[in-house]
Amino acid sequence: MRVVWGFLGLITLAAIGFISVLQTAPTPIARVDLDRYMGYWYSIAHIPTSFERGCAQGTTAHYQLQPNGRVTVTNTCYGADGTPSRVVGEAWIPDAEQPGKLKVSFVKFLGLWFFPGDYWILDLAPDYSYAVVGHPKLQYGWILSRTPTLPNDVLEGIYKRLEKAGYSRSAFEPIDQTMHLSKKLRSGG
């Protein structure tokens, strides 16, 4: 009996490994106007990450285009007690032929940015009112909006496109933006 269970376990692991190999990366958008993408974004939902621990509410991102074409990224979130936490990084487009595939780093040493991560823009409203950012291996994901909330039908459409791209809707958790509903987002979050 142990041999049978062991064999079934090996088959299951092999099948999981095979399925993950078959999984293809999502397709980033083909065009992005960085000038229009700049500014403040509210994080509506995300796949929780280790670097967002302690973020209980009000997560925002601010993007500012630099003269050299790179982007200053300022991410702000708030703990349960309302204490802000802020991190500043830099993003860039390594291949001008693929502007939806950016790299971003939050580790700067001696003027150089280390350990860049993939920041792929997977979905973008024609009017730049929302954006979806993901990762080629589906490890990360953020639904961003220019407003603290999105209409249900818009959010539903985003989730359907994410599922089509290989993401699981259940992996995304909503982010409480209540603190931003009654005030205008100020500089720096």
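Now for a description of the structure that goes with this document.

Reading guide: rules and limits
Residues numbered from 1 in each chain as written. Predicted model: local features only at pLDDT ≥ 70, side-chain atom pairs only at ≥ 80, totals over all residues. Heavy atoms only, no water. Disulfide = S-S within 2.5 Å. Helix = DSSP H or I, 4+ residues; strand = E, 2+ residues; numbered from the N terminus. Buried < 20%, exposed > 50% of the residue type's maximum accessible area, 1.4 Å probe, protein only. Patch = residues over 30% accessible without salt bridge, like charges linked within 9 Å, V, L, I, M, F, W, Y side chains within 5 Å. Areas by Shrake-Rupley, 256 points an atom, 1.4 Å probe, with all protein chains shown as cover. Salt bridge = Lys/Arg side-chain N within 4 Å of Asp/Glu carboxyl O. Core = buried A, V, L, I, M, F, W, Y, C linked by side-chain atoms within 4.5 Å. Contact = heavy atoms within 4.5 Å. Phe/Tyr/Trp six-rings, centres within 6.5 Å; stacked < 30°, edge-to-face > 60°. Lys NZ or Arg CZ within 6 Å of the ring centre and 35° of its normal.

**Structural notes on the state of the cysteines**
Applying the stated rule across the entire model yields 1 disulfide. Across the disulfide from Cys 55 sits Cys 77; the S-S distance is 2.0 Å. One quick way to see it: the torsion about the S-S bond of Cys 55 and Cys 77 is about -55 degrees, and its sign makes the bridge left-handed. Here Cys 77 lies in strand 3 (residues 71-78) and Cys 55 lies in the loop between strand 1 (39-46) and strand 2 (57-65), a separation of 22 residues in the sequence.

**Overview of the environment of Thr 60**
If you trace the backbone, Thr 60 turns up in strand 2. Owing to a relative accessible area of 3%, Thr 60 belongs among the buried residues under this scheme. The spatial distance from the C-alpha of Thr 60 to the C-alpha of Asn 75 is 5.8 Å, given a sequence separation of 15 residues.

**Quick notes on a nonpolar patch on the surface**
A cluster of nonpolar side chains, contributed by Val 107, Phe 109, Leu 110, Leu 112, Phe 114 and Phe 115, occupies part of the molecular surface with about 690 Å² of accessible area. Every element with two or more residues in the nonpolar patch is listed here: strand 6 (107-109) and strand 7 (112-114). Its place among the elements puts Leu 110 in the loop between strand 6 and strand 7. With a relative accessible area of 74%, Leu 110 lands in the exposed category.

**Overview of unusual backbone geometry**
One non-glycine residue, Phe 115, adopts positive backbone phi at about 55 degrees. Turning to its location among the elements, Phe 115 is positioned in the loop between strand 7 and strand 8 (117-124). Even without glycine at this site, Leu 138 takes up a positive phi of about 65 degrees. The class of Leu 138 is buried, set by a relative accessible area of 12%.

**Here's the deal with the nonpolar core**
Grouped together as the largest cluster of nonpolar side chains are 21 residues, with contacts concentrated most on Tyr 37, Tyr 63, Tyr 119, Ile 121, Leu 124 and Leu 144. Beyond its immediate stretch of four places on either side in the chain, Leu 144 contacts Tyr 37, Trp 41, Tyr 42, Ser 43, Ile 44, Tyr 63, Tyr 119, Ser 129, Tyr 130, Ala 131 and Val 133. In this structure, Tyr 42, Ala 45, Tyr 130 and Tyr 167 belong to the second largest nonpolar core, which totals 18 residues.

**Regarding the packing of aromatic side chains**
A full pass over the atoms with the stated rule returns 7 aromatic pairs. Each ring, one from Tyr 37 and one from Tyr 63, has its centre 5.5 Å from the other, and the planes form 25 degrees; the classification is stacked. One end of the pair, Tyr 37, is in helix 2 (residues 34-37); the other, Tyr 63, is in strand 2, with 26 residues separating them in the sequence. Residue Tyr 63 is classed as buried on the basis of its relative accessible area of 7%. Linked through ring pairs, Tyr 37, Trp 41, Tyr 63 and Tyr 119 together constitute an aromatic cluster. Sitting over the face of the ring of Trp 41, Arg 146 holds its NZ or CZ atom 3.8 Å from the ring centroid.

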